[in-house]
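This is what each chain is made of:
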Amino acid sequence: PGVSPRSAPSENEPQRSMSPAKADEKQESSASLEGRFRAAVAYIRSNPPGATPSAALRLRFYAHYKQATEGRCKGKKPAMYKVEARAKHNAWEALGNMSTREAQLAYIDLVQEFCRSANTPASLRVLKSLLPSSDHSPSPSALTPATASGVLTSTTASSSSLSSSSSSSPIQVHGNMLSQPTRAVLWLCHLAKIPVQFHSIDLAKREHLKPHFLALNPHHQVPVMDDNGFVVFESHAILRYLVAKYAGEATSFYPAELHKRTRCDQYLDWHHTNTRQACKMAVFNRVLAKRFGMLKTDKELEESDTAALRLLDTLERTWLADQPFVAGNHPTLGDLLALCEIDQLMMTPHLMKAAESKPRLNAWITRMRALPHYAQVTEVLRRLAPILAAKL
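The structure displayed is predicted, hence computed values, not measured ones.

*Asks:* Where do I start with the packing of helix α13 (residues 349–356) against helix α14 (residues 359–369) in this structure?
*Replies:* The packing of two helices is summarised by the inter-axis angle and the distance between the axes. Packing of α13 against α14 brings their axes to within 7 Å, and their N-to-C directions diverge by 100°. Accordingly, the angle class assigned to the pair α13 and α14 is roughly perpendicular. Facing α13, whose interface residues are Met 352, Ala 355 and Glu 356, α14 presents Leu 361, Asn 362, Ile 365 and Arg 369.

Below is the structure:
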């Protein structure tokens, strides 16, 4: 198959887990899943007209297809000069011990995302055909094209994944899709099938300084969550609240078991003054400062670049030295937040290249980007980052 700118950036001042795939396993027979998987594979193999997957997406298709049909990658890594073969190997290897069913579900999810982005009559027909037989309504976890400019909504197909304290009203999230913490909050909502309604706050137009927003967060930062009048700002507090309220699939990203939760908290406490600070300042100094009339000296640019490079080295040598994710063997809230910061380096290609040159860090990036809904929550960033980077 196919291969907040008042003076500085703001939050935007600025066990295998029970994954969404696992939940779906309970609801669908093997025969039904196999049929949907084969239909998804056939669609990608047909080279659909008017819809061409990117090279990165083709790699993800390849890796999940191989994992679903052959299991874990066990072959020898191709030589460095065999660039394409090596890239395929790395993408497959990064999936580790993902089960056949999880790989099939993830492959189907990728194809569904591709169909939505293609938005052709044929792709939309395929999208409908790939839904489980019990649900031929639009995918409950999909971010719509309104992401960039308006309100985006997601509903859950069933209340079974919600705790008894949940309500039918969606969580209201006010944020900006170029905000790293905003993306992390929305990603958790979609991974855990938490009903959410997103309200875009235009930071460039200083909407975060308007009275209606300051009434939600006097610190004028995004994201802000409003749950039927209970308002919370600070992304880590929002994420923990969502896990506590909705439990179910959300719990896998913030485990209840004491040692595992403490490992996650350990990274979360380290994150703000390390991963977030280093990536945020490197991007702000290189890309955003000039937009706010704040010219940076060569020394300041060098210092922020050096801090970012030091951060990347620390992630490689310590947090990912002997484990596949920052808090253990499975992705947690820490990983969602960390990748959203690393992804911001798309605006500074020399720093992203440095990140991808580190083997353990690059493998972790690949694993995280293979999670469901990654393409949806990063669509705005991936579209605008090359434009901003070109102006460096």
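*Asks:* Mind showing me how you'd approach the pattern of salt bridges here?
*Replies:* When charged atoms on two side chains of opposite charge get close, those side chains can pair. Per the counting criterion, the structure on display carries 15 salt bridges. In this structure, the salt-bridge partner of Asp 313 is Lys 358, at a minimum N-O distance of 3.8 Å. Of this pair, Asp 313 sits in helix α11 (residues 298–319) while Lys 358 sits in the loop between α13 and α14; the two residues are 45 residues apart in sequence, bridging distant segments of the chain. For Asp 313, a relative accessible area of 28% gives the class partly exposed.

*Asks:* Mind showing me how you'd approach helix α5 (residues 100–118) here?
*Replies:* The end-to-end C-alpha separation of α5 is 27 Å, in line with the 27 Å expected for 19 residues at 1.5 Å each. Where α5 ends, the next residue or the one after it, Asn 119, has phi of about 55°, a positive value.

*Asks:* How do you make sense of the packing of aromatic side chains when you look at a structure like this?
*Replies:* In this description, a pair of aromatic rings is defined by centroid distance and the angle of the planes. The full count for this structure, using the stated rule, is ten aromatic pairs. Among the aromatic residues, those joined into a ring-pair cluster are Phe 37, Tyr 43, Phe 61, Tyr 65, Tyr 107 and Phe 114. Stacked on the ring of Tyr 62, the Lys or Arg Lys 88 has its end atom at 5.1 Å from the ring centre. Sitting over the ring of Phe 325, Arg 367 keeps its end group 5.5 Å from the ring centre.

*Asks:* Please clarify how the confidence of the model for the protein should be interpreted in this entry.
*Replies:* Low-pLDDT portions of the prediction should not be read for the details of their coordinates. Here the protein averages 83 in pLDDT, while 84% of its residues score no lower than 70. No element of the protein has a lower mean pLDDT than strand β1 (residues 151–154), which averages 32, and none a higher one than helix α12 (residues 333–343), which averages 98. Every residue in residues 1–10 is under pLDDT 50, and counting partners more than four places away or in other chains gives 36 contacts. Low pLDDT, under 50, characterises residues 13–26; the stretch is placed with 39 contacts to residues that sit more than four places away or in other chains.

Criteria and cut-off values
- Residues numbered from 1 in each chain as written.
- Predicted model: local features only at pLDDT ≥ 70, side-chain atom pairs only at ≥ 80, totals over all residues.
- Heavy atoms only, no water.
- Axes fitted to C-alpha atoms, helices over the stretch in contact; angles between N-to-C directions.
- Helix = DSSP H or I, 4+ residues; strand = E, 2+ residues; numbered from the N terminus.
- Parallel < 35°, antiparallel > 145°, perpendicular 65-115°, else oblique.
- Contact = heavy atoms within 4.5 Å.
- Salt bridge = Lys/Arg side-chain N within 4 Å of Asp/Glu carboxyl O.
- Buried < 20%, exposed > 50% of the residue type's maximum accessible area, 1.4 Å probe, protein only.
- Expected span 1.5 Å × (residues − 1).
- Phe/Tyr/Trp six-rings, centres within 6.5 Å; stacked < 30°, edge-to-face > 60°.
- Lys NZ or Arg CZ within 6 Å of the ring centre and 35° of its normal.
- pLDDT = per-residue confidence, 0-100.

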